[in-house]
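Residue strings, one per chain:
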Amino acid sequence: MSHHRTTAAIAALAALIGGLWAGLAGGTAEAAPAFREGACPVEITNPVLKGRVRCGTVAVERRPGDATSGTFDIAVLIVAPERRDPAATPTFFFHGGPGFPVVQWLGGSRGLPFQRGGDTVYFDQRGGGFSGPKVCRDVSMRQLRAMADAADFPATARAFDQGFLDCLGELKAAGLSPDLFGTAASSADAEALRQALGYERINLYGGSYGTTLGMDYAARHPERVRALVIDSVYPPDDLVQPIERSLDGSLERLYALCAADAACEAAHPDLKGEYEAAVRALDAEPLSVPAPALGGVARLSGDEFELLIHQVLYDRNLYAIVPGLIRSAREGRGAPFGPVLNELVAQYGSASALGFAGVECRDRARFHQGARPVTRGPQMIELDRVCPRWSAPGEAPRVPQNPPFPVLVMAGEVDPITPPAYAREIARRIGGTTQVLIAPGVGHGVRGERCGREAVSDFLARPGAPLVTCLGRPEPIAFVTRHARMQGLSSVLGAAQTGDWLKPALVAVPALIALLFGLLWPLGESLWKRRASPLTRGARGVAALGALSLAGFVGLTAWGVSSALASNAGVLAFGLPAAFGIVPY
């Protein structure tokens, strides 16, 4: 009996020592990632989202699979459903870019989460937004300012490239390697988030670059996916066509939309000819465009005009003003471009140069095969001049093959960067239960349209069921067909719109001073002298004159706005549509 006790004791001691040794050697199971809830980094101003948002971070391995490599904190924002369904599956939202933030835009977002009954999880991908590593955070704005100051388009392209090389220097100075980035690493981050949040299975929505990440995650973790939606597909390299060909295809569809509208056709019977003439005119004599966001004015050559139009064609809400912008360029008027340029600067200035180049240069072997000559503006945003100096290419993103879950592929007919052909071919490659929706008259990001959001919600509610949507019946585009030069009061308001407040100040401030003087002087005399003087009577007259001036200014402003809107010229005179947004968040 004592022998058995001794043997048991020795065995127990050996097991204890073995367990301790395995723990010291790293042989025990690694701790699961944890969600650390904290204060939201953005103010939640959308009343619909009040009380439904949780924020926090998840620490992910810098080098997935290597617990000794350190961690990056990934910023997470979770939106709870209005009515929770215990059986609903959470949805992960993979944002575009790569390098665009998503968390910072959600606090005041007008759009509602498309998931019915379950959580919608948003996170900034590594290197961007509120996620680590937090390097290169001001590079995008420095890049844009340098581009605005460039003397010609080749100098603009060099400034664009130099911004990424500056970022690479910052990254290495922080002791970080470019090979820590790419879609494979972001997929590992998404899986760490799923584990940290305790979800067994998830739905995936990816938009633009997020389609690459969504497909890669689904190919690596098919058992964790209930349904996949990919909207505006960024496909493998062998499918990607030259960017200028995508622009030309988008322009041809815009010309057709204008020709199908009686008012637009009457105002612009040869819109394609106008566009080509505008490019030639700007090549000969570039425009100066008001750009307060860049500290003054920006130069608009033919190449830069094509780059700007390429970006504008992402968003269907702006199609109404594109014919007018084309005519303004041809006629040498830079002011109408100011609001568009400033909005683009606000959006692209928030992007991460590290998130963009860090992913593209690792994912895309085509950017390591020699630089193409930059012959047209949109070619500038490709990284074939940067990536050979950034890093070696890494693992190419994966595409699921005959997956066990349903897939919805969406594309906009007018998309200038990921045309419908990409959606059709990627659906063929995926196979399985895959549906394709092509949205007429829509640009980049079908979910930006009401019918697109409804289609995503319906699909996630019943994956695999045939979809019936209103995408085939788009609302007509109210093309802006009157582009009168702003005179008088409209000139004052137009100056304010582009950041020049001198003219409005010269009109309004003297009237306001007269009104205040006329009101305060009689009040002061009545308190101190208790009798009116001739100056007091004069001051009352000045007050009346000031009040009439201000009333006239306000009345004429209201009349000018209403007249402009009635004549369909208000968009160019007074700013952009409220729904404008390049990234479909």
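Here is what the cut-offs are and how they apply
- All chains use their own residue numbering, which begins from 1 and follows the written sequence.
- Where totals are concerned, whole chains, interfaces and linings use all residues; where local detail is concerned, this predicted model gives features only for residues with pLDDT of at least 70, and gives and counts side-chain atom pairs only at 80 or more.
- Only hydrogens and water are removed before side-chain values are computed, so all heavy atoms of the structure are retained for them.
- For this analysis, a salt bridge means a side-chain nitrogen from Lys or Arg found within 4 Å of a carboxyl oxygen belonging to Asp or Glu.
- Every helix listed is a DSSP run of H or I at least four residues long, and every strand listed is a run of E at least two residues long, numbered separately from the N terminus.
- Expected span of a helix: the number of residues minus one, times 1.5 Å.
- Burial here depends on accessible area, computed with a 1.4 Å probe over protein chains only, as a share of the maximum for the residue type. Under 20% is buried, over 50% is exposed, and the range in between is partly exposed.
- Every residue pair with non-hydrogen atoms within 4.5 Å of one another is taken to be in contact.
- As used in this structure description, the phrase polar contact means that two N or O atoms lie within 3.5 Å; if the pair is within protein, one of them must be able to donate a hydrogen and the other to accept it, and residues adjacent in sequence are counted only when both atoms belong to side chains.
- We define the nonpolar core as a collection of buried residues of types Ala, Val, Leu, Ile, Met, Phe, Trp, Tyr and Cys that are connected through side-chain atoms lying within 4.5 Å of one another.
- Criterion used throughout: strands pair if DSSP finds at least two bridges between them.
- Disulfides are defined in this document as cysteine sulfur pairs within 2.5 Å.
- The angle between two axes is taken between their N-to-C directions and runs from 0 to 180 degrees, where each axis is a line fitted to C-alpha atoms and a helix contributes only its stretch in contact.
- Roughly parallel here means an angle under 35 degrees, roughly antiparallel means over 145, roughly perpendicular means 65 to 115, and every remaining angle is called oblique.
- Handedness of a crossing follows from how the near helix is turned relative to the far one, being left-handed for an anticlockwise turn of less than a right angle and right-handed for a clockwise one.
- For this classification, Asp, Glu, Lys and Arg are treated as charged, while Ala, Val, Leu, Ile, Met, Phe, Trp, Tyr, Cys and Pro are nonpolar and the rest, including Gly, are polar.
- Only Phe, Tyr and Trp rings take part, Trp by its six-membered ring, and two of them pair if their centres are within 6.5 Å. Stacked means planes under 30 degrees apart, edge-to-face means over 60, and tilted covers everything else.

Participant: I'm lost on the pattern of salt bridges in this one. Help?
Facilitator: Opposite charge on two side chains permits them to pair, given that their charged atoms come into close proximity. Taken as a whole and judged by the stated rule, the model has 31 salt bridges. We note a salt bridge from Asp-248 to Arg-376, for which the minimum N-O separation is 2.9 Å. Within this pair, whereas Asp-248 is found in helix α7 (residues 243-259), its partner Arg-376 is found in the loop between α13 (353-363) and α14 (387-390), the two being separated by 128 residues in sequence. Arg-372 is paired through a salt bridge with Glu-382; the nearest N and O atoms lie 2.9 Å apart.

Participant: Is there a simple way to think about unusual backbone geometry in this case?
Facilitator: Peptide bonds are trans in most cases, and residues, glycine excluded, mostly fall at negative phi. In this structure, Pro-98 follows Gly-97 across a cis peptide bond, with omega equal to -5°. Along the polypeptide, Pro-98 turns up in the loop between β4 (91-94) and α2 (103-106). For the bond running from Gly-132 to Pro-133, omega is 0°, close enough to zero to count as cis. Its place among the elements puts Pro-133 in the loop between β5 (120-123) and α3 (139-149). For Ser-208, which is not glycine, the phi dihedral falls at a positive 60°. Structurally, Ser-208 can be placed in the loop between β6 (202-207) and α6 (209-220).

Participant: Looking at this structure, I do not really get helix α16 (residues 450-461). What am I missing?
Facilitator: One turn of an α-helix holds 3.6 residues; hence residues three or four places apart share an orientation. Helix length check: α16, at twelve residues, gives a terminal C-alpha distance of 17 Å against a target of 16 Å (1.5 Å per residue), a fit within 8%. Listed as buried for α16 are Cys-451, Gly-452, Ala-455, Val-456, Ser-457, Phe-459 and Leu-460. Summarising the contacts, the buried residues of α16 are in contact with β4, β6, β7 (225-231), β10 (407-412) and β11 (434-439).

Participant: When you look at the environment of Arg-333 in this model, what are you seeing that I'm missing?
Facilitator: When you line up the elements, Arg-333 lands in the loop between α11 (322-331) and α12 (337-348). As a C-alpha pair, Arg-333 and Leu-287 span 46 residues in sequence and 7.2 Å in three-dimensional space. At 3.0 Å, the side chain of Arg-333 and the side chain of Glu-331 are in polar contact.

Participant: What should I look at first to understand the nonpolar core in this one?
Facilitator: As a rule of thumb, nonpolar side chains are buried together in soluble globular proteins. Counting 110 residues, the largest nonpolar core has Phe-92, Phe-305 and Leu-383 as its most contacted members. When residues of this core are assigned to their parent elements, the largest contribution, nine residues, is made by helix α4 (residues 153-173). Contacts of Leu-383, omitting those with residues within four sequence positions, involve Phe-160, Phe-164, Phe-356, Ala-357, Glu-360, Cys-361, Phe-367 and Pro-388. Counting residues in each nonpolar core, the second largest holds 29 residues, with Leu-77, Val-79, Ala-439 and Val-446 among its members.

Participant: Please explain the pairing of strand β3 (residues 71-79) as it appears in this structure.
Facilitator: Strand residues, when the strand is regular, have side chains that alternate between the two faces of the sheet. Of all nine residues making up β3, seven are buried, and the element is well covered by its neighbours. Of the strand pairs in this sheet, strand β2 (residues 53-61) and β3 are connected by nine bridges, and their pairing is antiparallel. In the strand pairing of β3, Val-53 is matched with Val-79. With four bridges connecting them, β3 and β5 associate as antiparallel partners.

Participant: Which parts of the structure should I look at to understand the state of the cysteines?
Facilitator: Such a bond, covalent and formed between the sulfur atoms of two cysteines, is termed a disulfide. Applying the stated criterion across every chain, the model contains five disulfides. The disulfide bridge from Cys-258 ends at Cys-264, spanning 2.0 Å between sulfur atoms. The chirality of the disulfide connecting Cys-258 with Cys-264 is left-handed, given an S-S dihedral of about -100°. Using a relative accessible area of 1% as the deciding quantity, one classes Cys-258 as buried. Linked covalently through their sulfurs, Cys-451 and Cys-470 form a disulfide whose S-S length is 1.7 Å. Note on the Cys-451 and Cys-470 pair: the S-S dihedral is about -115°, so by sign convention the disulfide is left-handed. Here Cys-451 is found in helix α16, whereas its partner Cys-470 is found in the loop between α16 and α17 (488-497), with 19 residues between them in sequence. Sequence-ordered numbering of the bonded cysteines in the protein chain yields a pairing of 1-2, 3-4, 5-6, 7-8, 9-10.

Participant: Help me understand the sheet that holds β6 in this model?
Facilitator: Sheet strands associate in pairs through backbone hydrogen bonding, adopting either a parallel or an antiparallel arrangement. Ordered in space as β1-β2-β3-β5-β4-β6-β7-β10-β11, the nine strands form an open sheet in which the pairing is mixed. One side of each edge strand has no neighbouring strand; the edge strands of this open sheet are β1 (35-38) and β11. With direction set aside, neighbouring strand axes in the sheet form an average angle of 25°. Note: β6 against β7, six bridges, orientation parallel. Considered in β7, the bridge of Gly-206 is made with Ile-230. Running over the sheet, α6 touches β4, β6 and β7 and is turned about 150° from β6. Seen against the sheet, α16 touches β4, β6, β7, β10 and β11 and runs at an angle of roughly 160° to β7.

Participant: Is there a simple way to explain the packing of helix α5 (residues 183-197) against α6 in this structure?
Facilitator: Relative orientation and spacing of two packed helices are given, respectively, by the angle between their axes and the distance between those axes. The geometry of α5 relative to α6 is characterised by a closest axis approach of 9 Å and an angle of 65° between their N-to-C directions. Of the possible angle classes, the one that applies to α5 and α6 is roughly perpendicular. The element α5 and its partner α6 pack so that their crossing is right-handed. In this structure, α5 uses Thr-183, Ala-184, Ser-186, Ser-187, Ala-190, Glu-191 and Arg-194 to contact α6, whose residues at the interface are Tyr-209, Thr-212, Leu-213, Asp-216, Tyr-217 and Arg-220. Grouping the constituent residues of the contact of α5 with α6 by class yields five nonpolar, four polar and four charged.

Participant: Before we go on, may I ask you to explain the packing of aromatic side chains in this structure?
Facilitator: Each aromatic ring pair is characterised by the separation of its centres together with the angle its planes make. Tallied over the full model, the rule gives eleven aromatic pairs. An angle of 80° between the planes, with centres 6.1 Å apart, marks the rings of Phe-305 and Phe-337 as edge-to-face. Note that Phe-305 is positioned in helix α10 (residues 302-312) and Phe-337 in helix α12, a separation of 32 residues in sequence. Each member of the pair, Phe-305 together with Phe-337, is buried.

Participant: Which parts of the structure should I look at to understand the packing of α10 against α12?
Facilitator: Where α10 meets α12, the axes come as close as 11 Å, and the angle between the chain directions of the two elements is 70°. If you check the angle between α10 and α12, you find them roughly perpendicular. Contact residues: Phe-305, Leu-308, Gln-311 and Val-312 in α10; Phe-337, Val-340, Leu-341, Leu-344 and Tyr-348 in α12. Residues belonging to the contact of α10 with α12 are distributed by class as follows: eight nonpolar, one polar and no charged.

Geometric descriptors of this kind do not, in isolation, establish any biological role.
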